[in-house]
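# Survey of secondary and tertiary structure
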Amino acid sequence: MGIGAGAVFGVLAGTRRMPLAVATALLGGAVMATTDGSLAVLRISDPRTWRRSDWIADLVPHLAYGMAAAATLNRLRPPSAQCG
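Residues numbered from 1 in each chain as written. Predicted model: local features only at pLDDT ≥ 70, side-chain atom pairs only at ≥ 80, totals over all residues. Heavy atoms only, no water.

One non-glycine residue with positive phi stands out, namely Arg 43, at about 60 degrees. Among the secondary structure elements, Arg 43 is positioned in the loop between helix H2 (20–41) and helix H3 (52–76). (Helix = DSSP H or I, 4+ residues; strand = E, 2+ residues; numbered from the N terminus.)

This next bit is on the pattern of salt bridges. Under the defined criterion, the tally for this structure stands at 2 salt bridges. In this structure, the salt-bridge partner of Asp 46 is Arg 48, at a minimum N-O distance of 3.0 Å. For Asp 46, a relative accessible area of 26% corresponds to the partly exposed category. Its salt-bridge partner being Arg 51, residue Asp 54 comes within 3.5 Å of it at the nearest N-O pair. Asp 54 sits in the partly exposed class, given a relative accessible area of 28%. (Salt bridge = Lys/Arg side-chain N within 4 Å of Asp/Glu carboxyl O. Buried < 20%, exposed > 50% of the residue type's maximum accessible area, 1.4 Å probe, protein only.)

Our next topic: H3. In a regular helix each residue adds 1.5 Å, so 25 residues correspond to 36 Å; H3 covers 36 Å between its end C-alpha atoms and thus fits that length. Those residues of H3 lying buried are Asp 58, His 62, Gly 66, Ala 69, Ala 70, Leu 73 and Asn 74. Tucked inside the fold, the buried residues of H3 contact helix H1 (2–13) and H2. (Expected span 1.5 Å × (residues − 1). Contact = heavy atoms within 4.5 Å.)

Once that is clear, we can look at the nonpolar core. Counting 8 residues, the largest nonpolar core is built from Phe 9, Ala 13, Met 18, Ala 23, Leu 27, Ala 69, Ala 70 and Leu 73. Among the secondary structure elements, those contributing two or more residues to this core are H1, H2 and H3. In terms of residues, this core owes the most to one element, H3, which gives 3 residues. (Core = buried A, V, L, I, M, F, W, Y, C linked by side-chain atoms within 4.5 Å.)

The next thing to look at is the environment of Ser 38. Along the polypeptide, Ser 38 turns up in helix H2. The spacing of Ser 38 and Pro 19 is 19 residues in sequence and 29 Å in space, taken between C-alpha atoms. A distance of 2.9 Å separates the side chain of Ser 38 from the backbone oxygen of Thr 34, its partner in a polar contact. (Polar contact = N/O pair within 3.5 Å; in protein donor to acceptor, adjacent residues only side chain to side chain.)

Coordinates in, geometry out; function isn't part of it.
This is how it looks when you write it as structure tokens:
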């Protein structure tokens, strides 16, 4: 999921400048929504029954992924296209 989301984000973002915080939220949020949706559809887990601590435990690694992917994409861009 993460590789696909990063690739799609890279293609859609192109050379557009995007603040790191925005890219982090978009990437992390999209992957989290997709994986949690998959868990629900496959009846592996029901996110509607999760406690606050469960949501935090799910959110933190997805945001970490989003930040790492966004920062990597930013470093791979030419200097004129890099965003902060």
